[in-house]
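Descriptive analysis of the structure
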Amino acid sequence: MSQATLTMNRTRHALAPWARIAGLTLCALLTLGPVIWTVSTSLRTPAESFDLPPRIIPTHPTVDSYRGVFDQIDVWLLALNSTLVTALIAVGQMITAGLAGYAFARLEFRFKKPLFGLVLATMMVPLQVTIVPVFLVLKSMHLTDTLLGLIIPAFPTAFGTFLMRQYFLGMPKDLGEAAMLDGAGPWRTFRSVYAPLATPGLAIVGVLAFNYHWNEFFRPLILETSGQNYTLPLGLVSLQGNLGTGSISVVLAGVVLSMIPAVAVFLVGQRPLREGITSAGVNR
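Calculation notes
Residues numbered from 1 in each chain as written. Predicted model: local features only at pLDDT ≥ 70, side-chain atom pairs only at ≥ 80, totals over all residues. Heavy atoms only, no water. UniProt positions renumbered as here; feature names shortened; annotations may be inferred. 1 Å grid on protein atoms, 1.4 Å probe; cavity = no way out; pocket = protein on both sides within 12 Å on 5 of 7 lines; lining within 4 Å. Points joined across faces, edges and corners; volume = space filled by probe spheres on them. Helix = DSSP H or I, 4+ residues; strand = E, 2+ residues; numbered from the N terminus. Nonpolar A, V, L, I, M, F, W, Y, C, P; charged D, E, K, R; others polar. Axes fitted to C-alpha atoms, helices over the stretch in contact; angles between N-to-C directions. Parallel < 35°, antiparallel > 145°, perpendicular 65-115°, else oblique. Left-handed = near helix turned anticlockwise from the far one by under 90°. Contact = heavy atoms within 4.5 Å. Salt bridge = Lys/Arg side-chain N within 4 Å of Asp/Glu carboxyl O. Buried < 20%, exposed > 50% of the residue type's maximum accessible area, 1.4 Å probe, protein only.

Per an unreviewed UniProt entry, the protein is named L-arabinose transport system permease protein AraQ, and its organism is Streptomyces griseorubiginosus. The UniProt entry for the protein carries the following text under Sequence similarities (unreviewed entry): "Belongs to the binding-protein-dependent transport system permease family." The protein has a UniProt comment under Subcellular location (unreviewed entry) that states "Cell membrane".

Shown next as C-alpha cells:
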C-alpha cells in the first residue's frame, strides 16, 4: 500500500468522529430548534414577538406571559384532569398490554396467529375512522363529556401488545416450565415469574402512553364539551383568543408549561425506556 493511501486512510479515520459529531449536532439543533424558539418567545413581550429580524435571545426577558396563562385559564384544573386521564390510561395500557402480550407469547389457543395479526392491523386504522363509532358507543353508555369516556377506550393498545409479546418471547421458557412443574397455573406463572421480569417492557409502555395521551388533542376535542372536563392541550386553545387575537407569548408560555410534566416523566423513565427498546427484539 502506498504512502499516499496510508495518509488518506489515516485522515479519513481521524475525521470520522468529527463528522459523526457534526451530524449529531445538526440533528440535535433541528430537533431542539422549535423548543428553544418556543421557550424564547414565551419570555418576550407581545410586541417583541413580532420583531424583524427575530432574535433568539429576548432583549427584555419577562415572565408576564406565564402570569397571563394563569389569569386566563384554570391551569390547575386542566393539569389535574390531564394527570388523572393520562396516569390511568398508562396504568391500564400496562395491564392490558402485559396480559395480552403474555397470552400471545406463551399460551396456546385456537386462532392465535390470526388474532394477533388482527391486533396489529388495528395499528393501520386512523383514529379519525373509529372516533364516530366510539362516540356513539360512549353516548349510549352516557359516558360522553366525562373523563371516564376518555380513559376506558384508550386501555387497549396494539403497539403495547406487540412490544410485550416480543419481550415475553425473549424470556427463557424454562422459567415457566419450572413454575408449572411446581403446580403453578398460567395466571400464577405470569404474576409470579414473568411479570416481575417484564418490568422494563411495562415501563416503556407506560412512559410512551403517558407522553402520547398527555399531548392528545383530537379525542378530547370530540368527546368533551364542558370546560370542567377539558384536558390541558384542549384548554390551551382558549389562549388564542377570538379569531386568534391572543398574545403569542401567552400561548407559547402555556405550551412550555404543558411540556414540563411530559419531559419529567420521560427523564425519569429514560433508563427503562432505553432498556425496554433494546431488549424487546432480542431473544435471550
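Once that is clear, we can look at empty space enclosed by the protein. Under the counting rule described, the total for this entry stands at one cavity of 30 Å³ or more. There is about 50 Å³ of room inside the largest cavity. Contributing to the lining of the largest cavity are Ser 82, Val 85, Thr 86, Leu 150, His 213, Trp 214, Glu 216, Arg 219, Pro 220 and Thr 231. Mapped onto the lining of the largest cavity, the elements with two or more residues apiece are helix H3 (75-106), helix H10 (199-214) and helix H11 (218-223).

Turning next to the layout of surface pockets. Reported here for the largest pocket is a volume of approximately 940 Å³. It is H10 that provides the largest number of residues to the lining of the largest pocket, a total of five residues. Taken together, the residues of the lining of the largest pocket sort by class into 18 nonpolar, eight polar and two charged.

Where H3 contacts helix H7 (residues 158-169), the axes come no closer than 7 Å and their chain directions differ by 50°. The angle between H3 and H7 falls in the class oblique. Our pair here, H3 against H7, has a crossing hand that is right-handed. Residues Ala 97, Gly 98, Ala 100, Gly 101, Tyr 102, Phe 104, Ala 105 and Arg 106 of H3 lie in contact with H7, whose contacting residues are Gly 160, Thr 161, Met 164, Arg 165, Phe 168 and Leu 169. The class makeup of the residues in the contact of H3 with H7 is eight nonpolar, four polar and two charged.

The next thing to look at is the pattern of salt bridges. As enumerated under the stated definition, the model contains three salt bridges in all. Between Arg 67 and Asp 64 there is a salt bridge; the shortest N-O distance is 2.4 Å. With Arg 67 and Asp 64 both in helix H2 (residues 64-72) and three residues apart, this pair spans about one turn of that helix. Since its relative accessible area comes to 48%, Asp 64 is described here as partly exposed.

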